[in-house]
Amino acid sequence: MIVSFVAALLIGLAAWTGSQAGLQYLFGMALPLLAVVVFIGGMIWRVLYWAKSPVPFAIPTTGGQERSLDWIKPARLDTPMTKAGVVGRMLLEVLLFRSLFRNTTTRVDPQNMRITYFSSKWLWLFALLFHYCFLVTFIRHFRFFLEPVPVCLEWVEFFDGILQVGVPTLFLSNVLIVCALLFLFLRRIVNPKLRYISMANDYFPLFLIMGLVGTGICMRYFDKLDVAQAKVFIMGIVHFSPQSVEGLNPLFFTHLTFLSVLLIIFPFSKLVHMGGVFLSPTRNLPCNTRQVRHVNPWNKPTVFHTYAEYEDDFREPMAEAGLPLEISLEEAQAHDNEKSGKPVEPASAQ
Amino acid sequence: MLYNAKYIIPGLVVAVAAFTAPFWLNIGTPSYTYPDVAVPTGEDSKQCVEPKEWMRTQHMTLLNTWRDEAVRFDKRTYVATDGKKWDISLQNTCLGCHANKVDFCDKCHNSNNVQPYCWNCHVAPKGNE
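Here goes a summary of the coordinates provided. Computed from a prediction, not measured in an experiment: that's the story for all the values here.

1. Let's talk about the overall build of chain B
Counting its secondary structure elements, chain B contains five helices and two strands. The order of helices and strands in chain B, counted from the N terminus, is α-α-α-β-β-α-α. The C-alpha radius of gyration of chain B comes to 23 Å, more than 25% above the 14 Å expected for a compact globule of 129 residues. Along the longest, intermediate and shortest principal axes, the C-alpha atoms of chain B span 75 × 35 × 30 Å. Relative to its full complement of 129 residues, chain B shows a buried share of 36%. Contacts in chain B between residues at least 24 apart in sequence constitute 59% of all its contacts with a sequence separation of at least 6.

Here it is, written out as structure tokens:
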């Protein structure tokens with residue numbers, strides 16, 4: 001944790017001091033463009049790598065009653081049997097984090113020493129809050145990339161700032177994402193079991209996102225940035241014609257650097273679950289293992305030699321030896337004649 | 001060998017298209033310049049309450065403070081950092097020079113998707129005439 005904290009801090013400090021020392025184009029333009037290339041290239045590589053990996057066994061998780069007798073009610077979305085059911089399950093998983101909703105904790109009741117399982121929804125709640133706030137923030141940022149700004153972005157901002165607290169209007173997503181981030185961080189610190197299994201790979205993205213969100217909030221509410229000028233600079237990047245960086249807040253470049261580092265590590269860290277959730281065989285395979293045979297794709301094609309073929313090969317010697325035949329020699333010959341000598345037969349019949 | 005290519009390829013195409021949208025949506029659009037806002041008019045239009053750069057980033061905070069001071073504490077005088085005294089009034093002080101909402105306020109606000117609710121209460125100025 002300390003290592004990832006120091007790393008994130010150093011990245012922020014480097015960008016902050018660097019952009020005051022004249023390295024604005026490095027942190028504000030070169031690094032973000034590199035990050036976009038690494039992110040998209042890395043994600044494509046990662047998804048293709050997964051798509052090339054065969055799924056040797058059908059391993060869907062059954063989250064409920066499988067389809068059985070008519071009078072037993074099946075769980076159509078938690079144990080989907082059909083393709084439509086799988087699509088429904090994936091939608092629940094991606095949009096509402098269904099599997100996290102089923103999260104439980106275990107506790108031993110000290111009085112009668114009995115194990116009790118509790119439904120534990122806090123992680124689900126804050127994870128959902130975090131992801132949706134991030135999505136809303138991501139969508140809101142398109143105001144810097146599009147001219148004119150589409151009307152749907154105005155609606156997003158309107159509902160996000162519907163409380164009309166202060167100027168600039170306080171965004172609900174800003175408040176909620178900070179709460180969610182704090183929860184996601186503190187749960188790793190407070191829970192000893194979680195602290196034990198948490199690695200740098202868990203903390204580093206968290207600190208980067210905290211830095212990203214922190215600098216963004218700071219630029220909106222406290223150490224202000226001239227957004228009109230920021231838009232000129234950003235539109236310069238997407239038009240590939242660099243604009244002046246004169247007078248832009250160093251926090252702006254720190255913000256961009258946090259984002260760039262996040263994008264660069266994205267395909268190579270646990271953040272890649274953004275693409276991975278769609279390629280989880282435990283989720284995207286139908287639970288029809290009793291109806292449909294799953295053939296391991298890396299099996300060599302099996303060469304079968306059936307008894308019927310065996311009899312075809314050895315019918316005459318078998319008949320000579322008096323062995324029982326499923327199709328007698330005469331039947332086989334009649335069949336052969338029918339197949340090969342078809343034009344002959346009508347002639348002989350006349 | 002690529003398994004499930006009929007799902008993987010369209011999925012990747014959609015994802016790449018979405019994440020590169022800022023680049024390809026802006027192909028062919030005119031290069032973006034700083035909004036060309038209306039020049040202030042009026043007697044005091046040589047110098048704003050505070051310097052131009054400060055106003056660009058902080059005008060909303062100033063307006064909010066002015067609103068609170070005037071409406072809640074009946075404080076009607078603002079002492080600028082250069083010592084000059086200003087009447088705390090959107091209608092008379094600000095709009096005295098920046099009398100064109102469409103060409104002054106709206107240009108920047110629309111371009112940056114900012115929707116202040118000043119005009120829910122205040123009468124919006126019609127122009128510089």
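What follows picks up the thread again.
2. Examining unusual backbone geometry
With omega at 0°, the peptide bond leading from Glu147(A) into Pro148(A) counts as cis. Within the secondary structure, Pro148(A) is located in the loop between α5 (122-140) and α6 (151-160). Non-glycine residue Asp74(B) carries a positive phi angle of around 55°.

3. Overview of the layout of surface pockets
Rolled over the atoms, a probe as big as a water molecule pinpoints where empty space is left. Residues and elements named next belong to chain A. The calculated volume of the second largest pocket comes to roughly 320 Å³. In this structure, the second largest pocket is lined by Asn-103, Thr-104, Thr-105, Ser-120, Trp-122, Leu-123, Phe-183, Leu-186, Arg-187, Val-190, Asn-191 and Leu-194. Of all the secondary-structure elements, those providing two or more residues to the lining of the second largest pocket are β1 (104-109), α5 and α7 (172-190). With four residues, the single largest contributor to the lining of the second largest pocket is α7.

Reading the values: rules and limits
Residues numbered from 1 in each chain as written. Chains lettered and ligands numbered in written order. Predicted model: local features only at pLDDT ≥ 70, side-chain atom pairs only at ≥ 80, totals over all residues. Heavy atoms only, no water. Helix = DSSP H or I, 4+ residues; strand = E, 2+ residues; numbered from the N terminus. Rg over C-alpha atoms; globule rule 2.2 N^0.38 Å. Buried < 20%, exposed > 50% of the residue type's maximum accessible area, 1.4 Å probe, protein only. Contact = heavy atoms within 4.5 Å. 1 Å grid on protein atoms, 1.4 Å probe; cavity = no way out; pocket = protein on both sides within 12 Å on 5 of 7 lines; lining within 4 Å. Points joined across faces, edges and corners; volume = space filled by probe spheres on them.

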